[in-house]
Amino acid sequence: DDSSDGGTPDHDKTVPELFEDRAHYMEARDEALSRLDEHMPEDHTRKDFNTTNRGNTLKNLEDDLDPDELKELQRAAEDASKARNDINQTTARIGEVGGEKYLDEHPDYEIAGEEFRTRPGETPPGGWSDSAALKTDGSEFDIAEYKGGDATPSRSPVSTEFEGPA
């Protein structure tokens, strides 16, 4: 059960288990969006209630809506945002588990130490690699970028600096 840690995927879960979690979070998102649509004020859209806009939108509606209706809107918007975050975290974790499994199953590669393994809730920020692996004969040091769900890997060239053999 992921509810105890705010939806952060469990490091020990398998890819199928993570896909089950993701399906659950998608259902929670859809249910929250239905509630949001049900309470949506005229001339407003879901975008008005995303994480970025929600605070200002709710403040602007304070004088126009019944306090209970405002609370329902806020709850639905927060639930949808939380579920989206849970989906994104789980999707990223699926890519990490799959990528690490791929490297672990190739006997000519070794993940370059525990510090190069991902940890739940610690998806590296933009510009950082997800992992690194060393070819067992020392001839290659590979930087891994894991992708989960329907993510599309970038095809943009990345400049690197060679600093000597691994």
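Note that the structure is predicted; figures quoted are calculated from it, not measured. Along each chain, numbering runs from 1 in the same order as the chain's sequence is written. Thresholds applied to this predicted model are a pLDDT of at least 70 for local features of residues and 80 or more for the giving and counting of side-chain atom pairs; totals over whole chains, interfaces and linings are not thresholded and use all residues. Remark: hydrogens and water are excluded; side-chain values derive from all non-hydrogen atoms of the structure.

Attention now goes to the environment of S131. Checked against the element boundaries, S131 lands in strand β2 (residues 131–135). Note: C-alpha distance between S131 and A112 (19 residues apart in sequence) is 8.1 Å. Polar contacts, as counted here, are pairs of nitrogen or oxygen atoms within 3.5 Å of one another; within protein the pair requires one atom able to donate a hydrogen and one able to accept it, and residues that are adjacent in sequence qualify only if both atoms are side-chain atoms. Within the local environment of S131, its side chain forms a polar contact with the side chain of Y146, the two groups lying 3.3 Å apart. Numbered from the N terminus, helices here are DSSP runs of H or I no shorter than four residues, and strands are runs of E no shorter than two.

In this structure, A32, L33, L36, F49, L58, L61, L70, L73, A76, A77 and A80 together form the largest nonpolar core, which totals 11 residues. Listing elements by their share of this core, those giving two or more residues are α1 (15–38), α2 (54–61) and α3 (67–104). The leading source of residues in this core is α3, at five residues. Here a residue-residue contact requires only that any non-hydrogen atoms of the pair lie within 4.5 Å. In this structure, L36 is in contact with R46, F49, L73, A76 and A77, ignoring residues within four places of it in sequence. Counting residues in hydrophobic clusters, the runner-up holds six residues, among them Y109, I111, A133 and Y146. As used in this record, nonpolar core signifies buried Ala, Val, Leu, Ile, Met, Phe, Trp, Tyr and Cys residues forming a set joined through side-chain atoms within 4.5 Å. Under the scheme applied here, a residue whose accessible area is under 20% of the maximum for its type counts as buried, over 50% as exposed, and between as partly exposed, the area being computed with a 1.4 Å probe on protein chains only.

Grouping into patches uses exposed residues only, defined as over 30% relative accessible area, and leaves out salt-bridged ones; the cut-off is 9 Å for like charges and 5 Å for nonpolar side chains (Val, Leu, Ile, Met, Phe, Trp, Tyr). Note on areas: these come from Shrake-Rupley sampling with a 1.4 Å probe, and a residue is covered only by the protein chains present in the view. Between Lys or Arg on one side and Asp or Glu on the other, a salt bridge is scored when a side-chain nitrogen of the former is within 4 Å of a carboxyl oxygen of the latter. Residues L134, F141 and I143 make up a contiguous nonpolar surface patch of roughly 260 Å² in combined accessible area. If you trace the backbone, I143 turns up in strand β3 (residues 141–144). Look at I143 and you get exposed, because its relative accessible area is 56%.

Here we come to α3. Taking 1.5 Å of rise per residue, the 38 residues of α3 would be expected to cover 56 Å, and the 55 Å separating its terminal C-alpha atoms lies within 8% of that figure. Where α3 starts, the residue carrying a side-chain oxygen 3.0 Å from the main-chain nitrogen of D68 turns out to be D66. Take the residue count of a helix, subtract one, and multiply by 1.5 Å to get its expected span.

Right, let's talk about unusual backbone geometry for a bit. Residue D43 is not a glycine yet carries a positive backbone phi of 65 degrees. Positionally, D43 belongs in the loop between α1 and α2.

This next bit is on the packing of α2 against α3. Here an angle of 0 to 180 degrees is reported between the N-to-C directions of two axes, which are lines fitted to C-alpha atoms, with helices fitted over the stretch in contact. In the contact formed by α2 and α3, the axes pass within 11 Å of each other and the chain directions differ by 170 degrees. It follows that α2 is roughly antiparallel to α3 by the angle criterion. Two secondary-structure elements touch here, α2 through R54, L58 and L61 and α3 through L70, L73, Q74, A77, E78 and S81. All residues other than Ala, Val, Leu, Ile, Met, Phe, Trp, Tyr, Cys, Pro, Asp, Glu, Lys and Arg, Gly among them, are scored as polar; the first ten of these are nonpolar and the last four charged. Here the residues of the contact of α2 with α3 sort into five nonpolar, two polar and two charged. Geometric relationships in this document are graded by angle, where less than 35 degrees denotes roughly parallel, more than 145 denotes roughly antiparallel, 65 to 115 denotes roughly perpendicular, and other angles denote oblique.

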